[in-house]
Amino acid sequence: MHSIYRIIKFSLQDLGRNFGLSTMTVFILILMLLSVNVLWGVDILTKQATSLVKEQINISLYFKAETTDKNLEEVQKYLSVLPEITEMNLVTRDQVLDSFKNRHKLSSEVLSALEELKENPFGPTLIIKTREPQDYKKILQAVDVPEYDALIETKSFEGNEEGIEKIQNITNRIEKIGFGLSALFAIISFLIIFNTIRVSIYTQRIEISIKRLVGASSWFIRGPYMVEAFIFALLSVSITFGLIYLALHFLDPYLSIVFSNGFTLTNYYNSHIILLTGIQFVSVLLLTFISSGLAMRKQLKV
Amino acid sequence: MIKLEGVTKIYSTDSIGLRNINLHIKAGEFVSIVGQSGTGKTTLVRLLIAEERPTKGKIVIGDWDVTEIPSGEIPYLRRQIGVIFQDFKLLPKKTVYENVSFALEVAGEKSEHIKKIVPQVLDVVGLGEKMWRYPKQLSGGEQQRVAIARSLVHRPKIIIADEPTGNLDSLNTVEIIEILKKINEFGTTILLATHNREIVNELRRRVITLRGGEIVSDEESGKYRL
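All values reported here derive from a predicted model rather than from experimental measurement.

**Quick word on the overall build of chain A**
- Looking only at helices and strands, chain A has 12 helices and 4 strands in total.
- The C-alpha atoms of chain A give 31 Å as radius of gyration, which overshoots the globular expectation for 302 residues (19 Å, by more than 25%).
- If you line up chain A on its principal axes, its C-alpha atoms span 105 × 40 × 35 Å.
- Taking all 302 residues of chain A together, 21% fall into the buried category.
- Across chain A, every contact between residues at least 6 apart in sequence was considered, and the portion connecting residues at least 24 apart equals 85%.

As structure tokens, then:
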């Protein structure tokens, strides 16, 4: 109990008496965390933007007018077992007709031609959404069977195929670049933290050797640095998230214009706050522990 | 108390610290180890506090076989020996009081005992009035007295002083030696490594002379001779 109390006391004393060095260490940690969070934010925004684009792509199966409800049910039942499909919406014949009339309400020729037909010439439409753009090919293959040829008039996705592939390529590239950048940042962050802690310990190398010569055990010497690492991690993560929320306060109004689905980074951070702070706190803590442990090894050999 | 049997320390083929040292120091002795720079005095001190290990031979201090001591036990050995260095080795970010109390805190002494004993020891070395100053606010002599207080505070049976007056003027030198003599009068064994002729001649105690890493003389009431 005495030892733990003394270790905490020494660590607080060291922090206060090496105020400049402690401030600089926390400052560097904050800069590193901000960089990571900027990258994280960009990654989230990219994913959000691509999913928004993906959501706007769908397949429309236009059925022939004579298609019966039974036929429709059968097709829907057949498609509903496919795991790639996330959503299916049926537009009935009447709804298609209403929509057509509404679109051409200013064109009297079109409407009178429709009147002359006496009956609804449109078949129902099935609108399908899939998880990923590349899944559209599977749906295409699934409905490309002879028994459905007689039912389906046309399919609207064929024209979008090229666009879908482009989006898929862009998304894949962005993901790869994001992964590469994240890995690069992780390495840079590790090196920055490692060197910051090493410099901090190097400046105290004589003190460490004196403590050793006076009879301090390794634990008694390492302890205060571990407590300091904990305080550094706590301070840097808290300040970083304070700064992030401040920045988001100004950024979110612009994002809400871009993302019509109501997505904001503040909401994202709020709903993932424990995960985000937890990961970053543990990472900084581990990095500082490992860095100080490695940096101190030489000094503790005295 | 301290026994060295055939102790040799070789750093490299052309750098030999000590050669075949055989030595026995009894409890309560005041022994001066003399010799010119580079004769092995500091090597001997380093071996005694397990800062280095001998290449050959055996070192025993009290019940400790220092040659075989596991690294985890070194702090416990050092808590039994008071060490005074030429460059004082004080913690610059700690006050005089904290520097002295640190030696007790690492040993797990109770806070009440520390609060009582540290001012007493600082009074003994004449620094009771300056206990809240930092080392840089003290003179060289005062800093060495802090180092003596620190080495003394846990009541060690042995104090090893490696050139304790090397950085001090003659007045401070006399004061430091007087303090060491007083400590010795209370029964503490003192091992003084020095190349200060006046001190050794004035002490008239046992003198061990080193040359080229070997003991060339060991006199019960010796003088400084090279």
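Continuing now.
**Details of the packing of helix 3 (residues 96-105) of chain B against helix 5 (residues 140-152) of chain B**
All names here are of chain B.
- Orientation of helix 3 relative to helix 5, taken along the N-to-C sense of each, is 30°, at an axis distance of 8 Å. In this view, helix 3 runs roughly parallel relative to helix 5, as classed from their interaxial angle. Crossing of helix 3 against helix 5: the hand is right-handed. Two secondary-structure elements touch here, helix 3 through Val-96, Asn-99, Val-100 and Ala-103 and helix 5 through Val-146, Ala-149 and Arg-150.
- Grouping the amino acids of the contact of helix 3 with helix 5 by side-chain chemistry returns 5 nonpolar, 1 polar and 1 charged.

**Digging into the nonpolar core**
- Counting residues in each nonpolar core, the largest one holds 92 residues, and the members touching the most others are Ile-33, Leu-48, Val-100, Ala-149 and Ile-160 of chain B.
- With 7 residues, the single largest contributor to this core is helix 10 (residues 218-258) of chain A.
- In this structure, Val-100 of chain B is in contact with Val-118, Val-121, Leu-122, Val-146, Ala-149, Arg-150 and Val-153 of chain B, ignoring residues within four places of it in sequence.
- With 8 residues, the next largest nonpolar core counts Ile-59, Phe-63, Ile-128 and Ile-139 of chain A among its residues.

**Things to note about the interface of chain B and chain A**
- Tallying the contact residues gives 16 residues for chain B and 14 residues for chain A.
- Going through the elements one at a time, helix 2 (74-78) and helix 3 of chain B are the ones with two or more residues in the side of chain B that touches chain A.
- In terms of residue count, helix 3 of chain B provides more of the side of chain B that touches chain A than any other element does, 3 residues in total.
- Considered class by class, the residues forming the side of chain B that touches chain A number 8 nonpolar, 1 polar and 7 charged.

**As for the domain arrangement of chain B**
All names here are of chain B.
- Each assigned domain of chain B is listed here: domain 1 (1-42 + 59-87 + 157-219) and domain 2 (92-155).
- With 14 residues of domain 1 at the interface, the matching set in domain 2 holds 11 residues.
- Sorting the residues of the side of domain 1 that touches domain 2 by element identifies strand 6 (81-84) and helix 6 (170-185) as the ones contributing at least two each.
- In terms of residue count, the dominant contributor to the side of domain 1 that touches domain 2 is helix 6 (5 residues).
- Of the residues in the side of domain 1 that touches domain 2, the class split is 9 nonpolar, 3 polar and 2 charged.

**Structural notes on the packing of helix 3 of chain B against helix 4 (residues 111-124) of chain B**
Residue and element names in this part refer to chain B.
- Between helix 3 and helix 4, whose axes approach to 10 Å, the crossing angle comes to 125°. Relative to helix 4, helix 3 is oriented oblique. In the packing of helix 3 onto helix 4, the handedness of the crossing is right-handed. Here Val-96, Tyr-97, Val-100, Ser-101, Leu-104 and Glu-105 of helix 3 come into contact with helix 4, specifically with Ile-114, Val-118, Val-121 and Leu-122.
- Residue composition of the contact of helix 3 with helix 4, by class: 8 nonpolar, 1 polar and 1 charged.

**Examining the sheet that holds strand 1 (residues 2-12) of chain B**
All names here are of chain B.
- Sheet architecture is open: 4 strands sit in the order 2-1-4-5, paired in antiparallel fashion. Of all the strands in the sheet, just strand 2 (15-25) and strand 5 (64-65) have a single pairing partner and so form its edges.
- Two elements, strand 4 (residues 56-61) and strand 5, share 2 bridges in a ladder whose sense is antiparallel. Bridging from a neighbouring strand, Ile-61 pairs with Trp-64 of strand 5.

**Description of the sheet that holds strand 3 (residues 30-34) of chain B**
All names here are of chain B.
- Spatial strand order, 6-7-8-3-9-10: 6 strands in an open sheet with mixed pairing. Looking at the sheet topology across the chains shown, the edges are occupied by strand 6 and strand 10 (214-219). The mean inter-strand angle of the sheet, taken between neighbouring strand axes irrespective of direction, is 15°.

**Topic: the environment of Ser-101 of chain B**
Residue and element names in this part refer to chain B.
- Here Ser-101 lies in helix 3.
- Look at Ser-101 and you get buried, because 25 C-beta atoms sit within 10 Å.
- Once residues within four sequence positions are removed from consideration, Ser-101 is found in contact with Ile-114 and Val-118.

**Thoughts on helix 12 (residues 273-299) of chain A**
- In this model, helix 12 of chain A (27 residues) spans 39 Å end to end at C-alpha, consistent with the 39 Å of a helix rising 1.5 Å per residue.
- Along helix 12 of chain A, the positions that sit buried rather than exposed are Gln-280, Val-284, Leu-287, Thr-288, Ser-291, Ser-292, Ala-295 and Met-296 of chain A.

**Quick notes on unusual backbone geometry**
All names here are of chain B.
- If you check the backbone angles, Asn-20 has positive phi at about 40° while not being a glycine.
- Turning to its location among the elements, Asn-20 is positioned in strand 2.
- Residue classification places Asn-20 among the partly exposed positions, given that 14 C-beta atoms sit within 10 Å.
- Positive phi, close to 50°, is recorded for Arg-155, a residue that is not glycine.
- Turning to its location among the elements, Arg-155 is positioned in the loop between helix 5 and strand 7 (158-162).

**A look at the pairing of strand 9 (residues 206-211) of chain B**
All names here are of chain B.
- Summarising the sheet, strand 3 and strand 9 pair through 4 bridges and their orientation is parallel. Bridged to Ser-32 within strand 9 is Val-207.
- The sheet contact formed by strand 9 and strand 10 spans 5 bridges and is antiparallel. Looking at the pairing, Val-207 lines up with Glu-219 of strand 10.

Here is what the cut-offs are and how they apply
- Residues numbered from 1 in each chain as written.
- Chains lettered and ligands numbered in written order.
- Predicted model: local features only at pLDDT ≥ 70, side-chain atom pairs only at ≥ 80, totals over all residues.
- Helix = DSSP H or I, 4+ residues; strand = E, 2+ residues; numbered from the N terminus.
- Rg over C-alpha atoms; globule rule 2.2 N^0.38 Å.
- Buried ≥ 20, exposed ≤ 12 C-beta atoms within 10 Å, placed from the backbone.
- Contact = placed C-beta atoms within 7 Å.
- Axes fitted to C-alpha atoms, helices over the stretch in contact; angles between N-to-C directions.
- Parallel < 35°, antiparallel > 145°, perpendicular 65-115°, else oblique.
- Left-handed = near helix turned anticlockwise from the far one by under 90°.
- Nonpolar A, V, L, I, M, F, W, Y, C, P; charged D, E, K, R; others polar.
- Core = buried A, V, L, I, M, F, W, Y, C linked by C-beta atoms within 7 Å.
- Domains from an automatic or database assignment.
- Pairing = 2+ DSSP bridges.
- Expected span 1.5 Å × (residues − 1).

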